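Residue strings, one per chain:
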Amino acid sequence: MVDDGVLAVEEIARMAGVTRGTVSGWRRRHADFPAPLGPTGRGAVFSRAEVEAWLAAAGRLELAPHARLWREVIHAARGASLDTVVAAVAAAVTPPAGGQATEQPGLPAALSWAARRAVDEAGPGAVLGDLVDQYAAASGRYVTPARMAGFMVSLAAIGAGSTVLDPASGTGELLAAALAGGAGRVLARDASAEAVALARSRLLPGAGQQADAVVAGPLPADASAGVQADAVLCRPPLPPGGPEDGLAWARPALARLKPGGLAVLLLPASAATGPAGARTRADLLREGALRAVIELPASAGWPCDGTPHLWLLRRPDGEDGPDQLALFAAPRPGLQAGRDETAGAVSAAQWRAFTRTVAGAWERMNAPGRHTISSGGGRNAHYCVTRVADLLDDCLLDEPERLGETFGIAPARVMAHFSAVARVRDAENAAARRRNGTAEPENPARSFSHARLSLSLIPVDVDGITKTLRHFDWLDAPDVRTPEGGRPPAVWPPKAARPAGPWRTATVPELARLGLLRYRRAGSAPAELLRAGDVLVPAALTENATATVVDEEQAGDPAGTNGHLLRPDPARLDPWFLAGFLTASAARQRAAAGTSAPRIDPAQLEVPLLPLEDQERYATAFRRLRYLTTAAARFTNKMTDLTSHLTAGLTVGEIRLEAESAS
C-alpha cells in the first residue's frame, strides 16, 4: 500500500494548485523547503506534515480541504469514469448509521487521505454537499443553490416529524435542506440511478429522522405512487418538450399530498406565461390549489431563459375556491445590479431582505383573520395579495388589462392587473360618492397602493433615525453592550494610556507558522464557503480598505477569490482584534505608498502578540468604532430617503401643506 504520509512532487503541486515546475523552483530558491526523505519508486518523496507546514507559512496552502479533495477526484478520474470516482468518494465519506465512514479499498492513497482530512475539518455533510456541487458543475447537471433550497423549505413550513417528498430528487439538495429544517422523513425519487446513489449518500438523517432514496420511473405519475406527504419539494427536470412541461408535475405533486399539504415547485418563468399551460393554470386557480407564484432573483447557472419562479400549491380540502386569495411577488427592478457569477445574482444581504419580505407576506396572507387584499414590499421585493376571482374575471376590465386564460400569471403581469383593478374600483367608489353627495377626502392618494406613504413609511424612517441617534450618544453597538441591562460603558471613549514600551508584532505568515491562523491569498485558490469568525482583507490598497469579520448570517456564502481570507484560531486569536490591527497596518502601507493604490500584501501586515484577554478589550473597541462608521452611513442614507419621500409626497399631492392660521 502507498504511504499517504509522504508526497511526490506531482502531489505537492496538486496540493498547492501549481505546476510541477513551480515546485521544483521552490526547491531551488528556498533553502527552508523540506528536504526529500529519499528516492523511491515514485521518485523523490517528502514528508506530508513538513510540506504542509511550509506551504501554510508561505501562504500557499489552500484553506479548504474540500478544494484539495476535488483536485484529487479529478486526478483519479483520468483513468476511470468521473461518476464512478465520485460515487466511491461519496460512499467513503458517508458515515454508516452507527459509526465512522469506512475505508474504500479502490481509492488511491492521496484521494483517501484528502477525503479523511476534509471530513475531519468540515464534517461529512458539508463535504458531500460540495462534492455533489463540484460534480454537477463538471458534468453539466444543475443543482439547486443552497439558499434557494432553504427558502423553499421555509415556505413549506416543514415541522418536526413531517414527511417530505421530492419526486424528481436529482442529487438530493432539496431533501438535504428539509432534513436540516427538521423533517422527520424524506423520500427521494428519481429516474437516474446515478443521481439516486449520490442522493443516498448526501441525505444524512439525524436522531429520529429517516431518509429513503429509490429509483423511480421517468414520468411524474411513477415517481411516488402510494405516498401521502405533508410537503412536496421539487425542481422538475426539463424534458425535450420544453420548460412549460414542468407544469405536468403539478397534478402528481398535489396527488401525493395529504389534504391541506403544500407543494413548492421550482419552475421556469415560461410555466406562468406559455400558451401550452394556460388550461392547467386556470384549472389550478379555479380549484383553489394555486396559492402563490414568486419570481426569484436571477440565479447563476439557471438552465432556462428568464428568472425562476416558485409555485406554491396546496391540496384543496373542500373549503377552497376562487374566492380565496393568492400571493404574487417579484424582486424590485434594481435588485439585479450586484451580479456575481460565483455567489449568484444578488448578495447575501439582498437575498435575505427579499426572502424576509416575501415570507412575511405569505405568513400574513395565511394568518387567521388577515384574509384581505393588499400590496406592499420593501427595497428588494414587492408583492400583492389578490382575490383569485379577480384573475379569472374577463368582464371587469378592457381587453388590454384582462388575464383570464390568455395572458398568463407571471407576477409582474398580475401586479399590473392588480393595480388596474384598484384603479377601476377607486373610480367606481369616487362615482358612488358623487352620486350620494359624500365629500371627497382632503388628501386623496393617486391609488390605494400609495396611501401608506404618509401613514407608515415616514414614521418608520423617523423612528429609525431616532434609534440611531440614541446609539450615537453611547457609541454602544448592540452586540457589545454590557450585560447589566444594556447600560453604556463606564468609560467611553477610552482614556489614553502612557505607552509601557513597544509591543512585539508578527506578520501574517509568522502567525500562520505559530499556528494562530491559516490564510489564503487573493486569487490563489478556488472559492470556498465562509465561516463565522473568518477575516476578509481586500486585495487593493484603497483609501477605505477595511478588514471585515464574517458573521453568522454570512457564514456559508461563497468566499470569492478577489480578497485575502484569514481563518484565526478563536482559542488564541480574536477575529475583531485581528481585523482592527490589519486595517491599521494596511492604512500605514497606503500612507507609505503615497496616492497610488497598490495591492495589499498580507505577508507585510503586522499584528501585536498579546494575551487573549487583552485582545478582547481591543476587539470590543474596534467593534464599537466599526459600529459608529456603519451607523453614520445608515443615518445618512435614512435622511436621504426621508428627504426624497417627503419631496415626492409634496410634489404629487400625497402630502399637502395647510395655510398657517393667523395668531
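This section reports on the structure supplied with the text. All values reported here derive from a predicted model rather than from experimental measurement. Throughout, residues of each chain are indexed from 1 in the direction in which the sequence is written. In keeping with the predicted nature of the model, local features appear solely for residues at pLDDT of at least 70, side-chain atom pairs appear and are counted solely at 80 or more, and the whole-chain, interface and lining totals rest on all residues. Where side-chain values are given, they derive from all heavy atoms of the structure, hydrogens and water being excluded.

### Concerning the packing of helix H1 (residues 9-16) against helix H3 (residues 48-57)
Each pair of packed helices gets described by two things: the angle between the helix axes and the distance between those axes. Axis angles are defined between N-to-C directions and span 0 to 180 degrees, where every axis is a line fitted to C-alpha atoms and, for a helix, only to the segment in contact. Secondary structure is summarised from DSSP: a helix means a run of H or I of at least four residues, a strand means a run of E of at least two, and numbering begins at the N terminus for each. At a minimum axis distance of 12 Å, the contact between H1 and H3 shows a crossing angle of 35 degrees. As H1 runs across H3, the sense of the crossing is right-handed. In this structure, H1 uses Ile 12, Met 15 and Ala 16 to contact H3, whose residues at the interface are Arg 48, Val 51, Glu 52 and Leu 55. Class assignment for the residues of the contact of H1 with H3 results in five nonpolar, no polar and two charged. Crossings are assigned a handedness: left-handed for a near helix turned anticlockwise from the far helix by less than a right angle, right-handed for a clockwise turn. We call two residues in contact when some of their heavy atoms are within 4.5 Å. Here the term charged refers only to Asp, Glu, Lys and Arg, the term nonpolar to Ala, Val, Leu, Ile, Met, Phe, Trp, Tyr, Cys and Pro, and the term polar to all other amino acids, Gly among them.

### Details of the packing of aromatic side chains
Aromatic rings from Phe, Tyr and Trp, with only the six-membered ring used for Trp, were paired whenever their centres fell within 6.5 Å, and each pair was classed as stacked if the ring planes differed by under 30 degrees, edge-to-face if by over 60, and tilted otherwise. The full count for this structure, using the stated rule, is nine aromatic pairs. Centroid distance Phe 33 to Phe 46: 5.9 Å. Interplanar angle 80 degrees. Geometry classified as edge-to-face. One end of the pair, Phe 33, is in the loop between helix H2 (20-29) and strand S2 (38-40); the other, Phe 46, is in strand S3 (residues 43-47), with 13 residues separating them in the sequence. Of the two residues, Phe 33 and Phe 46, both sit in the buried class. Exposure classes here rest on a 1.4 Å probe applied to the protein chains alone. A residue is buried below 20% of its type maximum, exposed above 50%, and partly exposed in between.

### Some points on unusual backbone geometry
Unlike most non-glycine residues, Ala 157 shows phi in positive territory, near 50 degrees. Relative to the helices and strands, Ala 157 resides in the loop between helix H8 (146-156) and strand S4 (163-166).

### Topic: the sheet that holds strand S16 (residues 535-538)
Strand pairing in a sheet takes place through backbone hydrogen bonds and is either antiparallel or parallel in direction. Spatially, S15-S18-S16-S17 is the arrangement adopted by the four strands of the open sheet, whose pairing is antiparallel. Each end of this open sheet is capped by a strand with a single partner; those strands are strand S15 (517-520) and strand S17 (548-549). Here two bridges tie S16 to S17, and the two strands are oriented antiparallel to one another. Directly across from Val 535, in S17, lies its bridge partner Val 549. Pairs of strands are assigned from DSSP output, requiring at least two bridges between the strands.

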